[in-house]
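Residues per chain are reported as follows:
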Amino acid sequence: MSHPADIVMVFDRDEELAVFPSLRATEGGLEAMDVVNGEYTAFTVEGRLVDLRAPDGEEGLVLAARTEEDSREDLERHLPLFWTRRSGRAPLGPEDTARLLLDGGPRASGRGPRRLWNPFRRGRAPRS
């Protein structure tokens, strides 16, 4: 498994979660248009805020940079919202959640960022 400082947890506005093994993987796995529109909030597993930017606009590249801003409390507010949508699952902490998704946990997608499928989002396929 990657070092916790390298793992990035990205929440979208619906509290869906994608986990990336590195900042570079995060840059390749997010769409610039969504970054420009403020769709994501990103953290390291350790609770540091990750700055996401798309300097060339909606069609450009995504840049991700780890900051030294301690956002552990914000991360710990997002995680329970993610887990409450998964009936029968006890909430896990940041490292255990990241490990589960990166290791291909239940219903995790087979490509790109690992994310648990949200059974409550009918009619929408999980994005990858």
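This one's a predicted model, so the numbers in the text were calculated from it and none came from an experiment. (Residues numbered from 1 in each chain as written. Predicted model: local features only at pLDDT ≥ 70, side-chain atom pairs only at ≥ 80, totals over all residues. Heavy atoms only, no water.)

## Thoughts on the overall build of the protein
Put simply, the test is: Helical segments are the DSSP runs of H or I of at least four residues, strand segments are the runs of E of at least two, and each set is numbered from the N terminus. Buried residues are those whose accessible area, probed at 1.4 Å on protein chains only, stays under 20% of the maximum for their type, while exposed residues exceed 50% and partly exposed ones sit between those limits. Throughout, a residue-residue contact means that at least one pair of heavy atoms, one from each residue, lies within 4.5 Å.
Assigned secondary structure in the protein consists of 4 helices and 5 strands. Scanning the protein from its N terminus toward the C terminus, one meets helices and strands in the order β-β-α-α-β-β-β-α-α. The burial tally for the protein puts 39% of its 128 residues in the buried class. Long-range contacts, defined here as pairs at least 24 residues apart, represent 51% of the contacts in the protein between residues at least 6 apart.

## Some thoughts on helix H3 (residues 72-84)
Quick reminder of the rule: Take the number of residues in a helix, subtract one, and multiply by 1.5 Å to get its expected span.
With 13 residues, H3 extends 19 Å from end C-alpha to end C-alpha; this agrees with the ideal 18 Å at 1.5 Å per step. Here the buried face of H3 lies against strand S1 (8-12), strand S2 (17-20), strand S3 (40-44) and helix H4 (94-102).

## A look at the sheet that holds strand S5 (residues 63-70)
Applicable threshold: Here, any two strands with at least 2 DSSP bridges between them count as paired. Between N-to-C directions, angles span 0 to 180 degrees; the directions come from axes that are lines fitted to C-alpha atoms, helices contributing only their stretch in contact.
Taking strand neighbours across the sheet as the criterion, the 5 strands line up as S2-S1-S3-S4-S5 in an open arrangement whose pairing is antiparallel. With one partner strand each, in any of the chains shown, S2 and S5 form the two edges of the open sheet. Neighbour-to-neighbour, the strand axes of this sheet turn through a mean angle of 30°, independent of strand direction. Where strand S4 (residues 48-53) meets S5, 5 bridges bridge the pair, whose relative direction is antiparallel. Looking across to S5, one finds that Val 50 is bridged to Arg 66. Along the sheet face, H3 touches S1, S2, S3 and S5 and points at about 60° away from the line of S1. Running at roughly 80° to S2, H4 makes contact with S1 and S2 of the sheet.

By themselves, these are just geometric observations and shouldn't be taken as functional.
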